[in-house]
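# Observations on the model geometry
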Amino acid sequence: MRTSKLRKIKKYLPLYLMLAPGIIYLIINNYMPMSGIVVAFKNYNYQKGIFASPWNGIKNFIFLFRTNDAWIITRNTICYNLVFIIIGTVVSITISIILSELKAERAKKAYQTVILLPFLISIVVVSYIVYGFLNTEYGNINHLLVNAGKEKISWYSTPGYWPFILVIVNLWKNMGYNTVLYYATLIGIDTSYYEAAVVDGASRWQRIRYITIPSLLPTISILTLMSVSKIFYSDFGLFYQVPMNSGPLLDVTNTIDTYVYRGLMETSNIGMSAAAGVYQSIVGFILVLLANWLVGRFDKDSTLF
Amino acid sequence: MVEGSKKFQIIANIIMVLLCAFCILPLWLLFSSSITSEKTLITEGYSFIAREIDFAAYKYILIDSKQLLRGYGLSALVTIAGTLCNLTLTTLFAYPLTRKELPGRKAISFFLFFTMLFNGGLVPSYIMWTQTFQIKNTIWALIVPNLLMSAFNIIMMRTYLTTNVPEEIVDAAKIDGAGEFKILARIIMPMSKSILSTLALLVGLGYWNDWLNGLYYVNNDKLYTTQVLLNKMLLDTQFLMSSASHGMSIDTSKLPSTGIKMAIAVMGILPVLIVYPFLQKYLVKGITIGAVKG
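Analysis parameters
Here, residues in each chain are numbered from 1, in the same order as that chain's written sequence. Whichever chain is written first becomes A and whichever ligand is written first becomes 1, with later ones labelled in order. Only residues with pLDDT of at least 70 are given local features in this predicted model, and only at 80 or more are side-chain atom pairs given and counted; all residues enter the totals for whole chains, interfaces and linings. Strands are runs of DSSP state E lasting at least 2 residues, helices are runs of H or I lasting at least 4, and numbering of each runs from the N terminus. Around each residue's C-beta, the other C-beta atoms within 10 Å are counted; 20 or more make the residue buried, 12 or fewer make it exposed, and counts in between make it partly exposed. All C-beta atoms are placed from the backbone. Contact criterion: two residues are in contact if their C-beta atoms, reconstructed from the backbone, are within 7 Å. Within these notes, the globule rule equals 2.2 Å times the number of residues to the 0.38 power, and the radius of gyration is based on C-alpha atoms. Expected helix span is taken as 1.5 Å per residue step, with the number of steps being one fewer than the number of residues. Two axes define the bend at a residue: one fitted to the seven residues ending there, one fitted to the seven starting there, and the bend is the angle between them. Under the scheme applied here, ten amino acids are nonpolar (Ala, Val, Leu, Ile, Met, Phe, Trp, Tyr, Cys and Pro), four are charged (Asp, Glu, Lys and Arg), and all others, including Gly, are polar. A set of buried residues qualifies as a nonpolar core if it consists of Ala, Val, Leu, Ile, Met, Phe, Trp, Tyr and Cys joined through C-beta atoms within 7 Å. Angles here are taken between N-to-C directions and fall from 0 to 180 degrees, while the axes themselves are lines fitted to C-alpha atoms, restricted in helices to the stretch in contact. Should an angle fall under 35 degrees it is called roughly parallel, over 145 degrees roughly antiparallel, and 65 to 115 degrees roughly perpendicular, with every other angle called oblique. For a crossing to be left-handed, the near helix must be turned anticlockwise from the far one by less than a right angle; the clockwise case is right-handed. pLDDT: the predictor's confidence for each residue, scored from 0 to 100. Where each domain starts and ends follows an automatic or database-derived domain assignment.

## Things to note about the overall build of chain B
In terms of regular secondary structure, chain B is built from 15 helices and zero strands. Out of the 294 residues belonging to chain B, those deemed buried represent 42%. Of the contacts made within chain B by residues no fewer than 6 positions apart, 71% connect residues no fewer than 24 positions apart.

## Brief notes about the overall build of chain A
The secondary structure content of chain A amounts to 14 helices and zero strands. For chain A, the α and β elements follow one another from N to C terminus as α-α-α-α-α-α-α-α-α-α-α-α-α-α. Here chain A has a C-alpha radius of gyration of 25 Å; the compact-globule value for 305 residues is 19 Å, and the former is much larger. Taking the principal axes of its C-alpha atoms as reference, chain A extends roughly 80 × 75 × 35 Å. The 305 residues of chain A split such that 38% are buried.

## Some remarks on helix α10 (residues 204–229) of chain A
Counted at 1.5 Å a residue, the expected span for α10(A) with its 26 residues is 38 Å, and the 35 Å between its end C-alpha atoms agrees. Taking the largest bend as the criterion, α10(A) deviates by roughly 40°, centred on A:Leu217, and proline A:Pro218 comes between one and four positions later.

## Examining the interface of chain A and chain B
With 72 residues of chain A at the interface, the matching set in chain B holds 76 residues. When residues in the side of chain A that touches chain B are grouped by element, the largest group, 15 residues, is from helix α1 (residues 2–35) of chain A. Among the residues forming the side of chain A that touches chain B, the class breakdown is 49 nonpolar, 19 polar and four charged.

## Points about the nonpolar core
Counting 140 residues, the largest nonpolar core has A:Val125, B:Val123, B:Ile264 and B:Ala265 as its most contacted members. Of all the elements, helix α15 (residues 257–292) of chain B adds the most residues to this core, at 11 residues.

## Regarding the packing of helix α8 (residues 151–164) of chain B against helix α11 (residues 193–209) of chain B
When two helices pack together, their arrangement is given by the angle between their axes and by how far apart the axes lie. Residue and element names in this part refer to chain B. In contact at an axis separation of 11 Å, α8 and α11 are set at 170° when each is read in the N-to-C sense. As summarised for this structure, α8 and α11 are arranged roughly antiparallel, according to the angle between their axes. You can see that α8 and α11 cross each other, and the crossing is right-handed. Across the interface between the two elements, Asn153, Met157 and Tyr160 of α8 pack against Ile195, Leu199 and Val203 of α11. Classifying every residue of the contact of α8 with α11 gives five nonpolar, one polar and no charged.

## Remarks on the packing of helix α3 (residues 59–66) of chain A against helix α14 (residues 270–298) of chain A
Residue and element names in this part refer to chain A. The geometry of α3 relative to α14 is characterised by a closest axis approach of 8 Å and an angle of 85° between their N-to-C directions. Judged by the angle between their axes, α3 and α14 are roughly perpendicular. Judged by residue contacts, Asn60, Phe61, Phe63 and Leu64 of α3 engage Gly271, Met272, Ala274, Ala275 and Ala276 from α14. Across the contact of α3 with α14, the residue classes break down as seven nonpolar, two polar and no charged.

## Let's talk about the confidence of the model for chain B
Residues and elements named next belong to chain B. With 90% of its residues at a pLDDT of 70 or more, chain B shows a mean pLDDT of 86. Within chain B, the lowest mean pLDDT, 50, falls on helix α14 (residues 238–244), and the highest, 94, falls on helix α7 (residues 140–143). Predicted confidence is poor over residues 243–251, with pLDDT under 50, and the contacts of this stretch with residues over four places away or in other chains come to eight contacts. Across the assembled chains, the prediction reports ipTM 0.89 with pTM 0.90.

## Quick notes on the domain arrangement of chain B
Residue and element names in this part refer to chain B. For chain B, the domain assignment lists domain 1 (2–44) and domain 2 (56–292). The centre of domain 1, based on its C-alpha atoms, is set 31 Å off from the matching centre of domain 2. Contacts between the two partners involve seven residues from domain 1, matched on the other side by nine residues from domain 2. Of all the secondary-structure elements, those providing two or more residues to the side of domain 1 that touches domain 2 are α1 (2–34) and α2 (38–44).

## Comments concerning unusual backbone geometry
Backbone geometry follows two general trends: most residues other than glycine have a negative phi, and most peptide bonds adopt the trans configuration. Residues and elements named next belong to chain A. Positive phi, normally seen in glycine, also occurs at Met244, with a value near 55°. By secondary structure assignment, the location of Met244 is in the loop between α11 (236–240) and α12 (250–253). Its identity is not glycine, yet Asn245 carries a phi of approximately 50°, on the positive side. Of note, Asn245 is situated in the loop between α11 and α12. We classify Asn245 as partly exposed; it has 19 C-beta atoms within 10 Å.

## What about the environment of A:Phe84?
All names here are of chain A. Along the chain, Phe84 turns up in helix α4 (residues 68–101). A residue is classified by how many C-beta atoms lie within 10 Å of it, and Phe84, with 20 of them, is buried. Separated by 90 residues in the primary sequence, Phe84 and Asn174 have C-alpha atoms spaced 9.5 Å apart.

Below, the structure is given as structure tokens:
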């Protein structure tokens, strides 16, 4: 029994050797930080390190949830994500349907290429572009306003505009990605359905309503649930760099990710920052499990696990 | 019927052209701002049509300042080294997971998969990389954390291998006496060219565009990649001026500071824009297989 086990291990040794570097990397990059979440339950001291610092129970969490910030970052993270998901889905589906109804193959391809382009631009460069539009002195929009005889707007210190700006920027950057996904599903639809519909005299709108949209439903529900499972996470660059880390905007731009970063790097409030991180990891984990369970109810093959 | 269809095609094309303009115009503003003369910028701001064209900003960042070129070189180095290491790790991990008879395969898959569900977050990672591994201000900081391997890509590759490489081929090779490493190199790799190109593109784009590792772990200007440099400059305009002209007597007040920012941003996306049309096919493929069966 033992020798057979040994022989088995020897037989598969090369495969285990192949797995080894990756396993080591996962332990270092992913699992060690997981064990490091105990830092949220400690009074962290740089000299002592994570494990030797004294415990302080759930004090960090109590402090965090007593602040107004806890509410603001939760609200911002969830609300922005919900708006991104709804608008993003509607726009991408509309574009992909229009694309699929187009006849000119070359134009189709060109449109797809152009729409996907912003997806490749790093969010730092996106911040420069936004700055080009919104800078108070040189910004394109303020110059237009002045030419039209209106007052300049100090964009980077007026919170009221930012929910709209962030939604537009996010749409600009990610619309192409989602369009590619929906379009791929659309071109996979069996064309005989459409041919039959045309024979039966169905109008374009009827074809879209009764064939295209129902065929997209599984993809829509899966992609939406996937996004919902990530609703507790935000694109750090979008909320930190694009508004140029501007203080007056914090009320509408602070999310869990930017809060954790500021606590760690700018205000040295490690305890609360770590507590917010753990709050994000745990709620995020529950949401993934929940979303996966829901996907499983729609379509068993599309679950993550 | 035909009439209505023609009308529809025209309207649909108009909508698509407008959308494309929405996607392209912001990039055009960036470019146009970078070639506008400093004088025009001050009076007219960043505009879509430059009244007075001037390449002074490019001359400065390409000739007078060493910072950007150094950043470019570093970005290229990090992207190439990082992508190669990533693909190696990914292939080595994905192949054994396709072998159904491997003892412990399920457990290892779960070990991999769990990293997609749960993570320790920024604070513990930061403390670990800086204190335990002393990675701050080394080139490793730009390559290793988070980007070196991802469960998502491994699962993508594993799925590709299970559907595209028949088990019989591997079995036949084994009967012929080929070792596992030989099978991987001679059979699996040649059959994975398409998925490897797709992954290389996604991973390479990730490395080229990455600025987070630089933000967290690097504050030595010798180690700024293009994106990190851009990131630092966004919040600190004076940075480039002060760091670039050591030893040179450049009159910093005459520098085209408003245009330089935009010119560096243009340089930051230029390589991506150049390779994109050739690799678009792989990118689209990567996006679709990644999401449909992650």
